[in-house]
Amino acid sequence: PVALLQSGEFGGPALGSLVTIFSELALVTSVIGFVYGLTDSLTDVAGIANEGPEYETYKPLVFAGVFLPPLALSIANPDIFFDALDYGGAFGVSTLFLVLPSIMAWKERYGEEQ
């Protein structure tokens, strides 16, 4: 569906450009959030301050720790992201539509009265 919108056949070239810009901004903001979250986690685990001269000293190592493992995994197995989406989707959907309704029904029937 996104490729059809980007092609400009449906909605014109303006809509195709807007869909492309929106898609790229979504990816960029996702990467920014990933980098901020993982750098904060790595500095916490390593006991490094989040700012100041100590952080500036270790900054290249922290960013290497953020970017190199995903880069190595993606080079070693280019389809790993799609495999992860398949597993995540399968388990997420089964949890959402099989396990949670059962738990909700159980709680409604046998749960504590408040």
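Visitor: Quick one: what's the story with the packing of aromatic side chains, residue by residue and with numbers?
Guide: Inspection of every chain in the model, using the stated rule, returns three aromatic pairs. For the ring pair phenylalanine 63 and phenylalanine 67, a centre distance of 6.5 Å and an interplane angle of 15 degrees mean the geometry is stacked. Remark: phenylalanine 67 and phenylalanine 63 occur in helix H3 (residues 53-76); sequence separation between them is four residues, near one turn of the helix. Note on phenylalanine 63: relative accessible area 26%, which makes it partly exposed. What makes phenylalanine 67 partly exposed here is its relative accessible area of 40%. Plain terms: the ring middles of tryptophan 106 and tyrosine 110 are 4.6 Å apart, the flat faces sit at 55 degrees to each other, and that makes the pair tilted. Taken as a pair, tryptophan 106 and tyrosine 110 lie in helix H4 (residues 80-110) at a separation of four residues, close to a single helical turn. Given a relative accessible area of 57%, tryptophan 106 falls into the exposed group.

What counts and how
- Residue positions within a chain follow its written sequence, with the count starting from 1.
- The model is predicted, so local features are restricted to residues of pLDDT at least 70 and side-chain atom pairs to those at 80 or more, both for listing and for counting; the totals for chains, interfaces and linings are taken over all residues.
- Working from all heavy atoms in the structure, the side-chain values ignore hydrogens and water.
- Whether two aromatic rings pair depends on their centres lying within 6.5 Å, for rings of Phe, Tyr and Trp, where Trp uses its six-membered ring; planes under 30 degrees apart make the pair stacked, over 60 edge-to-face, and the rest tilted.
- Secondary structure elements are taken from DSSP: a helix is a run of H or I of four residues or more, a strand is a run of E of two residues or more, and numbering for both begins at the N terminus.
- For every residue, the accessible area (1.4 Å probe, protein chains only) is compared with the maximum for its type, and the residue is labelled buried under 20%, exposed over 50%, or partly exposed between those bounds.

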